[in-house]
Amino acid sequence: MRNTYRWFWPLPSLAPFLILVLSGCEVGPDYVKPTSPTASSFRVPAGWKVASTQGTPIPARWWTLFQDATLDQLEVQVAQANQTVAQQEAAWRQSQALVRSTQAGLFPTLGLFAAESRNRASANGVVLGNGLIYNNDMAALQANWVPDLWGSVRRSIEANQASAQADANQVAATLLSLQSLLAVDYFQLRTDDAESALLTEAVKAYQKSLDLTVNRKKFGVAADTDILLAENQLETARAQLIDVEVQRSQMEHAIAVLIGKVPSEFRLPSLPLGDGYPKPPLTIPSVLLERRPDIAVAERQAASASANIGVAQAAFYPSLTLSGNYGYQNAAYSNLFALPNQNWSIGPQLFQPLYDAGLRLANLDQARAGFDQAVANYRQVVLTAFQNVEDNLAAEEILTREIVVQQRAVKAAARTVVLTDQQYRSGTVDYLNVVITQTALLTGQVSEVTLRGRAFVAAAQLIAALGGGWDSGEPPVQQTRQDGVH
């Protein structure tokens, strides 16, 4: 028995549908970049300069401004081996694939269908078969296309492309953040090294003072309390030295993780903390909006959210499906492809949703609220960026002045220690005065080192707040790839 199925739709009757397809529109709002708060300039301290609006004022490898070879090597390894950066880069590739998969929705699908079955017809069915048992073999080429009449697919592509761009910029934002964090940890470690050097020298000096006091006790010119004071001062300095070792170890471990290494297998030699730190040329606030990758991320997220409104609005309109198939059907597989066994069909299907209990309206409200949220987030990111610059600019400028004052205090304390030691040796003051002046000197020296370390940290954070060397004019992850991400 041979079953042949044919549905013939005159080709001229497809003309109205083809016209509708070709004239398809895109519903929903066209994206307009949100406005954001800005200012004419930052509060520029004396001695700083504002860069021109042309070009990138900070080099791509911004950490080279510190002229520290060890820091240079570590920063490059963040891009090469940090796993958080690798995750973000993989997320970017994933979003690119999503764009390609969404673009496929613009085109028809084509497939090959084949089936073989053995059937028994009902003796009492609509079509009486008297219990006939027969085979049904089919092979067909099937095509299906849902034209993008209202721009749902195109808006989805627009949304996913913007999300992919946001993910690409997020790679750069993550890398900048982690490289800034590494610089902060590195300068904190160098601060610990400098503090450790001070305490080591203090321990040596306090040991000498204790030895001197013990000798003076032998000659009857020093009391037991003097020896106890000297011992207390010495052991306190030793305890402080041990505590600094704890802080340094933690910074070293943090740096190891940032560059993708096991902490137990990573060591950094002790090096002194430098005196000079860079003062990068400042941009104007409007230029900052183009220099920070996190701002670019937020702006692209707003663009994606805007396109999603169009996707939600398109759901209110009818959908058109054009489908067709061409194949063969026969009761015997051996004779399946004979000319009389051909069957084919072609035609459109139009569907207009009428009632869905408010589902589409809820989705539209959700999309609109999502866009409002993205716009608010963009503006907040801009405000936070301005705050980052102002905070670190003020910190670096104020710390510079504070360091000068603290250095004068240290010099005064050092002179006081010399005079007090002379007076103690001559017997005009007791040992408590020596302890007080030596402690004041050490405290002042540690404070100066801490201030210099904070100034280095503020300089690194200021450069990062200015966007590092990221340039929106380059491909979104180009700079990241140049630094070693594959």
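Everything below is about the structure shown above.
Residues numbered from 1 in each chain as written. Predicted model: local features only at pLDDT ≥ 70, side-chain atom pairs only at ≥ 80, totals over all residues. Heavy atoms only, no water.

Student: Looking at this structure, I do not really get the overall build of the chain. What am I missing?
Tutor: Broken down by element type, the chain carries 10 helices and four strands. Along the chain, helices (α) and strands (β) appear in the sequence α-α-α-β-β-α-α-α-α-β-β-α-α-α when read from the amino end. Summed over its atoms, the accessible surface of the chain is roughly 25700 Å², and 57% of this surface lies on carbon and sulfur atoms. (Helix = DSSP H or I, 4+ residues; strand = E, 2+ residues; numbered from the N terminus. Areas by Shrake-Rupley, 256 points an atom, 1.4 Å probe, with all protein chains shown as cover.)

Student: Which parts of the structure should I look at to understand the packing of helix H2 (residues 69-81) against helix H4 (residues 152-218)?
Tutor: Geometrically, a packed helix pair is captured by the angle between its two axes and the distance between the axes. Closest axis-to-axis distance for the H2/H4 pair is 10 Å, and the angle between their directions is 145 degrees. The element H2 and its partner H4 pack so that their crossing is right-handed. On H4, the residues that touch Thr70, Leu71, Leu74, Glu75, Val78 and Ala79 of H2 are Leu175, Leu178, Gln179, Leu182, Ala183, Tyr186, Phe187 and Arg190. (Axes fitted to C-alpha atoms, helices over the stretch in contact; angles between N-to-C directions. Left-handed = near helix turned anticlockwise from the far one by under 90°. Contact = heavy atoms within 4.5 Å.)

Student: How do you make sense of the packing of aromatic side chains when you look at a structure like this?
Tutor: Two aromatic rings are characterised by how far apart their centres lie and by the angle between their planes. All chains considered together, the criterion is met by nine aromatic pairs. Relative to Phe456, the ring of Tyr277 lies with its centre 5.4 Å away and its plane at 70 degrees, an arrangement referred to as edge-to-face. Linking Tyr277 in the loop between helix H5 (224-258) and helix H6 (285-288) with Phe456 in helix H9 (residues 431-465), this pair joins segments that are 179 residues apart in sequence. Of the two residues examined, Tyr277 and Phe456, each falls in the buried class. One aromatic cluster in this structure is built from Phe66, Tyr186, Phe187, Tyr277 and Phe456. (Phe/Tyr/Trp six-rings, centres within 6.5 Å; stacked < 30°, edge-to-face > 60°. Buried < 20%, exposed > 50% of the residue type's maximum accessible area, 1.4 Å probe, protein only.)

Student: How should the pairing of strand E3 (residues 319-330) be read in this particular structure?
Tutor: Successive side chains on a regular strand alternate, one facing one side of the sheet and the next facing the other. Bridge count for strand E2 (residues 133-145) against E3 is nine bridges, and the pairing is antiparallel. Note on E3: the bridge partner recorded for Leu141 is Tyr326. As defined by bridge partners, E3 adjoins strand E4 (residues 342-351) across 10 bridges and the pair is classed as antiparallel. Across the sheet, the residue bridging to Thr321 is Gln349, located in E4. (Pairing = 2+ DSSP bridges.)

Student: Looking at this model, I keep getting lost on the nonpolar core. Mind explaining?
Tutor: In globular proteins that are soluble, nonpolar side chains generally tend to be buried together. In terms of nonpolar packing, the biggest core is built from 56 residues, with Trp62, Phe66, Leu74, Leu182, Phe187 and Ile255 touching the most fellow members. When contributions to this core are tallied by element, the ones reaching two or more residues are H2, H4, H5, helix H7 (293-314), helix H8 (359-426) and H9. Tallying contributions element by element places H9 first for this core, with 12 residues. Dropping the residues within four chain positions of it, Trp62 is found in contact with Glu75, Leu176, Gln179, Ser180, Ala183, Ala460, Ile463, Gly468 and Gly469. Membership of the second largest hydrophobic core comes to 18 residues, among which are Ala202, Ile227, Val244 and Val435. (Core = buried A, V, L, I, M, F, W, Y, C linked by side-chain atoms within 4.5 Å.)

Student: Would you mind showing me how to read a nonpolar patch on the surface here?
Tutor: Nonpolar side chains collect at one region of the surface, where Leu110, Leu112 and Leu141 lie side by side and expose about 360 Å² of accessible area between them. Residue placement: Leu141 occurs in strand E2. On the basis of relative accessible area, Leu141 is assigned to the partly exposed category, the value being 41%. (Patch = residues over 30% accessible without salt bridge, like charges linked within 9 Å, V, L, I, M, F, W, Y side chains within 5 Å. Salt bridge = Lys/Arg side-chain N within 4 Å of Asp/Glu carboxyl O.)

Student: Can you help me understand the sheet that holds E4 in this one?
Tutor: Here four strands make up an open sheet; going across it, the order is E1-E2-E3-E4 and the pairing antiparallel. The open sheet has two free edges, formed respectively by strand E1 (109-120) and E4, since each of these has just one partner strand. Ignoring strand direction, the axes of neighbouring strands in this sheet form an average angle of 20 degrees.

Student: Help me understand the pattern of salt bridges, please; the structure alone is not making it clear to me.
Tutor: A pair can form between side chains of opposite charge whenever their charged atoms are brought close. Using the criterion set out here, one finds 17 salt bridges in the structure. A cluster of three or more residues bridged by salt bridges with shared partners is formed by Arg190, Asp193, Arg248, Glu252 and Arg267.

Student: Any chance you could explain unusual backbone geometry here in plain terms?
Tutor: A negative phi angle characterises most non-glycine residues, just as the trans form characterises most peptide bonds. Of note in this structure, Gln67 is not a glycine but carries a positive phi near 55 degrees. Tracing the backbone through its elements, the reader meets Gln67 in the loop between helix H1 (15-22) and H2. Here Ala357, not a glycine, exhibits a phi torsion of approximately 60 degrees, which is positive. Secondary-structure assignment places Ala357 in the loop between E4 and H8.

Student: Whenever I open this one, the environment of Pro272 confuses me. Can you help?
Tutor: Checked against the element boundaries, Pro272 lands in the loop between H5 and H6. Each C-alpha atom, one on Pro272 and one on Asp193, is 6.5 Å from the other, the two residues being 79 residues apart in sequence.

Student: Could you clarify how one ought to interpret H7 in this entry?
Tutor: Helical geometry note: an α-helix holds 3.6 residues per turn, so side chains three or four residues apart project in the same direction. Over its 22 residues, H7 runs 32 Å from end to end, which matches the ideal 32 Å to within 8%, given 1.5 Å per residue. H7 sits mainly inside the fold: 18 of its 22 residues count as buried. (Expected span 1.5 Å × (residues − 1).)

Student: Whenever I open this one, H8 confuses me. Can you help?
Tutor: For H8, with 68 residues, the first-to-last C-alpha span of 94 Å sits near the 100 Å given by 1.5 Å per residue. Positioned one or two residues after H8, Gly427 has a phi angle of 85 degrees, which is positive.

In short, geometric facts, not functional conclusions.
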